[in-house]
Amino acid sequence: MTSSLSRLSAGGILLWTAFCLIHFPSSSLAQSDSVVSYPLVPHHQERARRSLQGRSMPRRGLRNEKHLRRRTVEQQVGALFQGYGTHYVDLWVGTPPQRQTVIVDTGSGTTAFPCSECKKCGAGEYHIDQVFDESLSTTYGPTTCTKNKECVSYHSSCKTKNCHITQAYSEGSRWDAVEAIDSCYIGGPHEQPLIKDYNSNPLNPKHASHYAFNLTFGCQYEVTGLFESQLADGILGMNNGMMPYWQQMSDAGKLQEEMFSLCFARQPTAEREGTEAGALSFGGYDPKLHETHMVYTSGASDGRERQWSVKIRKIFLRDGAAGESVKSTKKKVKTVEVKFDNQLQGIVDSGTTDSFLPSIIAESFKDAYEQMTGQEYVPDEPMSLRTEDLEKMPTVILQLVSSSGDNSDKDYKTPGLAGKADETNPYDVMLAIPPSHYMEYDDEADTYSARLHLDKSGESFTLGANAMMGHDVLFDLENDRIGWAESSCNYTELVVEGGFKFTITGEMQEPAGEDEDEDADADADGDSDSEADNDAHADSDADTDVDAHADSDADTDAHADSDSDADTDADEHADVDVDTDFNATDVDLYTGNATDVDIDVNATEVDVDGTNATDVGIDANSTDA
């Protein structure tokens, strides 16, 4: 996680509509009985902010979504919750379990939260829960040592016969903790601990306790800065390192497939008792959450050490009237390319609220924005906007580097792939960031501010929670890739459709124990729509996977793992020369029955008649299609 306080930068007219007009199937996905999801919630920042009032896409789901290969183990799916920054999840710790809410951070690798020795850690005044009282857990124990190599965590060292962890962040926050081990599980009912192993239907929230294992974490005794004032109690390390939560879960035999997905929704408000805002899935993804098929970017481990990496090949600005999805909703689409020479190397960091493009493309980005809107692009500057003004702002489209190998089971016309927009790289992934995600609303001032920054040092970038918003994002170490699928990320709806319930009342409940009637639990594994757990090789249907994310402002990036030095990484391939060669101004497309559409990059207007176009491409030699 990089600091949101010390914001880093981010970064003609091209006729480019190939990815905009491909028809999406609208049938529903089958539920995989091998996926379990958890709700997510975003965390506190220095001032409470309400998220944008952007329209969410209708929940549709996809039919015949395939997994990479047949799953033989169940996956866990739990709720994510909305805070004032990025999302958090429930972590139940100890025997009996005590709840600690933790920010889900793909940019750091250590899980930590305040314990009883932490006297000024935000409990009561800022945090959702009281500190973890280790004296009440019969399974708690600090790790003992005589030398540093006996400690487990990356940042731990041996002091006074115990392992201690110190973590500092670029914006000034820090925490100190004793390295400890205790039984933990994620998700489940938001207000009720589980004291038995509910081995049930994966969609049943009570199934979460089935995935309990002994976690090594930081039992904090001192915190400073944003760690004291944030809403969530602590942090859940989920980077691509040796000790993140998912890796420890795998080592304990609870996660056979080394992958997880984050599906970030954005709610209009964040309540202290919890506002459900997405899902966290371990072991894969749940295709029932998806509105487009999952497509993949390559080389997730090719960038900075321990980080989830992606590369940007091209950036486009598309007329906001075409909608929030990568698929255009309008027949007339104006698109401007942000010109730069080389690929940009960056990371996906769910613990960073905003997104940051490198300063080397700032001039080109601003030129393209002015060409599109006639206005200057100024990040962070408050502006008064009506809802209709917001909707007219450009959608930012990132073309992320991929290969035919990672998307070989799909036709290049699949929504979310470049297709004929880039015939040289048709299997690249197109990621849409609409204004409802990169523009942040301040309800106190009744203003919006752009949170896609263009001032990141070096030649790298960070895609934060606001770039992940509205997608289910799969972090797949086994196949060294990241998956992306558009989604409404409605965890509660997913659970209810499975015959279970997930409620938030604001009141903690007695533990669910041995003598409790398991009611819906009896709905067993047979009802979990196992047809979704298909072998990807059993059918040549190219449709597969998904993804998502969200963000806010002040107090999130304080949790950037110090080993990541997120704001200083550079990409030797990201040397960009500004090029403002604009060749076209407008494209008018009316979808139809055509299967191939050619667009001349030198034309000023193109009309295409039809309704079910399955492919749209760019042809430098054609002037009319």
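Residues numbered from 1 in each chain as written. Predicted model: local features only at pLDDT ≥ 70, side-chain atom pairs only at ≥ 80, totals over all residues. Heavy atoms only, no water.

Undergrad: How do you make sense of the overall build of the protein chain when you look at a structure like this?
TA: In terms of regular secondary structure, the protein chain is built from 7 helices and 28 strands. The burial tally for the protein chain puts 63% of its 625 residues in the buried class. Working note: accessible area of the protein chain is about 21200 Å², and carbon and sulfur atoms make up 44% of it. (Helix = DSSP H or I, 4+ residues; strand = E, 2+ residues; numbered from the N terminus. Buried < 20%, exposed > 50% of the residue type's maximum accessible area, 1.4 Å probe, protein only. Areas by Shrake-Rupley, 256 points an atom, 1.4 Å probe, with all protein chains shown as cover.)

Undergrad: Can you help me understand the pairing of strand β21 (residues 439–442) in this one?
TA: The two faces of β21 match: M439 and Y441 on one face and E440 and D442 on the other face are all buried. Relative to strand β22 (residues 447–450), β21 is paired through 4 bridges, and the arrangement is antiparallel. Bridging from a neighbouring strand, M439 pairs with A450 of β22. The hairpin turn running from β21 into β22, its antiparallel successor, is 4 residues long, and D446 in that turn takes a positive phi close to 55°. (Pairing = 2+ DSSP bridges.)

Undergrad: I tried to follow the state of the cysteines on my own but got confused; where do I start?
TA: In this structure the tally under the stated criterion is 5 disulfides. There is a disulfide in this structure between C115 and C219, and the S-S distance comes to 1.8 Å. Judged by the sign of its S-S torsion, about -125°, the cystine formed by C115 and C219 is left-handed. A residue pair is termed long-range when its members are at least 10 positions apart, and C115 in the loop between β5 (112–114) and β6 (141–142) and C219 in strand β10 (residues 213–224) qualify at 104 residues. Judged by its relative accessible area of 1%, C115 falls in the buried class. Here C151 engages in a disulfide with C163; their sulfurs sit 2.1 Å apart. Every disulfide takes its handedness from the sign of the S-S torsion; for C151 and C163 that torsion is -95°, giving left-handed. Of the two residues, C151 is situated in the loop between β6 and β7 (156–159) and C163 in strand β8 (residues 162–168); the sequence distance between them amounts to 12 residues. Given the relative accessible area of 10%, C151 is considered buried. When its relative accessible area of 0% is taken as the criterion, C163 is described as buried. (Disulfide = S-S within 2.5 Å.)

Undergrad: Sorry, what's going on with the confidence of the model for the protein chain here?
TA: Caution applies to low-pLDDT regions: their predicted coordinates should not be interpreted in detail. Model confidence for the protein chain is summarised by a mean pLDDT of 76, while 69% of its residues fall at 70 or above. Here residues 2–33 is modelled with pLDDT under 50, and outside its nearest four sequence neighbours on either side it reaches 203 contacts, counting other chains as well. Throughout residues 42–61 the model reports pLDDT below 50, and contacts reaching past four residues in sequence, or to other chains, amount to 98 contacts. (pLDDT = per-residue confidence, 0-100. Contact = heavy atoms within 4.5 Å.)

Undergrad: Can you help me understand unusual backbone geometry in this one?
TA: Backbone phi values are negative for most residues with the exception of glycine, while trans is the configuration of most peptide bonds. Backbone torsion omega between T95 and P96 reads 0°, so that peptide bond is classified as cis. Here P96 shows up in the loop between β3 (87–93) and β4 (98–105). The backbone of K161 shows a phi angle near 70°, a positive value even though the residue is not glycine. Tracing the backbone shows K161 in the loop between β7 and β8. Classification of K161 by relative accessible area gives exposed; the value is 65%. You will see that D480, though not glycine, has its phi angle at about 50°, which is positive. Looking at D480, the relative accessible area reads 25%, which means it is partly exposed.

Undergrad: Any chance you could explain the pairing of strand β24 (residues 460–463) here in plain terms?
TA: Here is the key point about a regular strand: its side chains alternate between the two faces of the sheet. Burial along β24 is two-sided: S460 and T462 facing one way and F461 and L463 facing the other are all buried. Sheet analysis places strand β17 (residues 344–348) next to β24, joined by 4 bridges and oriented parallel. When the bridges of β24 are listed, I347 appears paired with T462.

Undergrad: Hey, could you run me through the nonpolar core in this one?
TA: By size, the foremost hydrophobic cluster in this structure holds 75 residues, and its most contacted members are Y245 and F282. Of the residues forming this core, the biggest block, 5 residues, is contributed by helix α3 (residues 362–373). I128, L203, L494 and V495 belong to the second largest nonpolar core, which has 19 residues in total. (Core = buried A, V, L, I, M, F, W, Y, C linked by side-chain atoms within 4.5 Å.)

Undergrad: What should I look at first to understand the side chain of R318 in this one?
TA: By the element assignment, R318 lies in strand β15 (residues 309–318). There is no salt bridge for the buried R318, and the closest opposite charge comes from E486, which lies 7.3 Å off by N-O distance. From its side chain, R318 meets the backbone oxygen of G323 in a polar contact 2.9 Å long. (Lys, Arg positive; Asp, Glu negative; His and termini not counted. Salt bridge = Lys/Arg side-chain N within 4 Å of Asp/Glu carboxyl O. Polar contact = N/O pair within 3.5 Å; in protein donor to acceptor, adjacent residues only side chain to side chain.)

Undergrad: Please clarify how the side chain of D105 should be interpreted in this entry.
TA: The residue D105 is located in strand β4 in this model. Of the side chains bearing the opposite charge, R304 lies closest to the buried D105, which forms no salt bridge; the N-O distance is 9.5 Å.

Undergrad: So what exactly am I meant to see when it comes to the pattern of salt bridges here?
TA: Where charged atoms from two side chains of opposite charge approach closely, those side chains can pair. One pass over the full model with this rule turns up 13 salt bridges. For R313, the salt bridge identified is with D428, shortest N-O distance 2.4 Å. With a gap of 115 residues between them, R313 in strand β15 and D428 in the loop between β19 (395–400) and β20 (429–433) connect regions that are remote in the sequence. The burial state of R313 is the same as that of D428; both residues are buried. A salt bridge links R386 to D389; its shortest N-O distance comes to 3.0 Å.

Undergrad: Help me understand the environment of A252, please; the structure alone is not making it clear to me.
TA: For A252, the location among the structural elements is in the loop between α2 (245–251) and β12 (259–264). In sequence terms A252 and A212 are 40 residues apart; their C-alpha atoms lie 9.3 Å from each other.

Undergrad: Explanation requested: α3 in the structure shown.
TA: Residues lying three or four places apart along an α-helix face the same way, a consequence of the helix completing one turn every 3.6 residues. For α3, built from 12 residues, the straight-helix expectation of 16 Å at 1.5 Å per residue is met to within 8% by its first-to-last C-alpha distance of 16 Å. The set of residues buried in α3 consists of A362, S364, F365, A368, Y369 and M372. Projected onto a plane normal to the axis of α3, the buried residues spread over an arc of 165° and lie on a single side. Buried residues belonging to α3 abut β15, β16 (335–338), β18 (355–358), β19 and β23 (452–456). Positive phi shows up at G374, right after α3, with a value of about 80°. (Expected span 1.5 Å × (residues − 1). Arc of directions from axis to C-beta.)

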